[in-house]
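Spelled out from the first residue to the last, the chains are:
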Amino acid sequence: MVMFWQNAITGSISHISAMDARRAVSAADANRRFSELLRTVKKGRSVIVTSHGKPVAKISPIVEDERAAEGARSALFARLRTERAVNAGRWTRDELYDDAP
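Residues numbered from 1 in each chain as written. Predicted model: local features only at pLDDT ≥ 70, side-chain atom pairs only at ≥ 80, totals over all residues. Heavy atoms only, no water.

Peer 1: How should I be thinking about the overall build of the protein in this particular structure?
Peer 2: From N to C terminus, the protein includes four helices and five strands. In sequence order, the protein lays out its α and β elements as β-β-β-α-α-β-β-α-α. Within the protein, the proportion of its 101 residues that are buried is 18%. For the protein, the share of sequence-separated contacts (at least 6 apart) that also reach a separation of at least 24 residues comes to 17%. Entry remark: accessible area of the protein is about 8500 Å², with carbon and sulfur atoms responsible for 54%. (Helix = DSSP H or I, 4+ residues; strand = E, 2+ residues; numbered from the N terminus. Buried < 20%, exposed > 50% of the residue type's maximum accessible area, 1.4 Å probe, protein only. Contact = heavy atoms within 4.5 Å. Areas by Shrake-Rupley, 256 points an atom, 1.4 Å probe, with all protein chains shown as cover.)

Written out as structure tokens, the structure reads:
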């Protein structure tokens, strides 16, 4: 099913299939008007970026959930307290990033 939609930033009319039409923008428009796109996202609205009429990305405002972050932090510290410290010795960057096949 093809729907007609209005570009979230420019207001231009185009078409796209089966998605929230009011919040879609082409990759080319997103590139040309990135500052405007960010202002739209800062207002709390998500924008779907399309390429050749197909959705490829969704840009959404960050929702800070302090409880989730605190829970993850607590779990990490609890795990670190139970792990033994290991003496890995000295190493070089080349040893750490071994590119050999």
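Peer 1: Honestly, the sheet that holds strand β4 (residues 47-51) in this entry has me stumped. Any pointers?
Peer 2: Read from one edge of the open sheet, three strands run β3-β4-β5, paired in mixed fashion. With one partner strand each, in any of the chains shown, β3 (24-26) and β5 (54-59) form the two edges of the open sheet. Taking each pair of neighbouring strands and ignoring which way they run, the sheet shows an average axis angle of 35°. Here β4 pairs with β5 via five bridges, running antiparallel. Its bridge partner being in β5, Ser-51 is matched across the sheet by Lys-54. (Pairing = 2+ DSSP bridges. Axes fitted to C-alpha atoms, helices over the stretch in contact; angles between N-to-C directions.)

Peer 1: Just to check I follow, could you spell out the pairing of β5 for this structure?
Peer 2: Here β5 lies mainly on the outside; zero of its six residues are buried. Linking β4 to β5, which pair antiparallel, is a turn of two residues; within it His-52 sits at a positive phi near 55°.

Peer 1: What should I look at first to understand a positive patch on the surface in this one?
Peer 2: Among the surface-exposed residues, Arg-39, Lys-42, Lys-43 and Arg-45 lie close enough to one another that they form a single positively charged patch. Tracing the backbone through its elements, the reader meets Lys-43 in the loop between α2 (34-42) and β4. (Patch = residues over 30% accessible without salt bridge, like charges linked within 9 Å, V, L, I, M, F, W, Y side chains within 5 Å. Salt bridge = Lys/Arg side-chain N within 4 Å of Asp/Glu carboxyl O. Lys, Arg positive; Asp, Glu negative; His and termini not counted. Charge placed at Lys NZ, Arg CZ, Asp CG, Glu CD.)

Peer 1: Help me out: how do you make sense of unusual backbone geometry in this one?
Peer 2: Most peptide bonds take the trans form, and the phi angle of most residues other than glycine is negative. Positioned with a positive phi, His-52 is a non-glycine residue whose angle comes to about 55°. Tracing the sequence through the fold places His-52 in the loop between β4 and β5. By relative accessible area, His-52 is classed as exposed at 83%.

Peer 1: Explain the pairing of β4 to me, please; I cannot follow it from the model alone.
Peer 2: Side-chain positions along a regular strand alternate between the two faces of the sheet. Summarising burial for β4: four of the five residues are buried, a large majority. One ladder, built from three bridges, connects β3 with β4; its direction is parallel. Paired with Ser-26 across the two strands is Thr-50, which belongs to β4.

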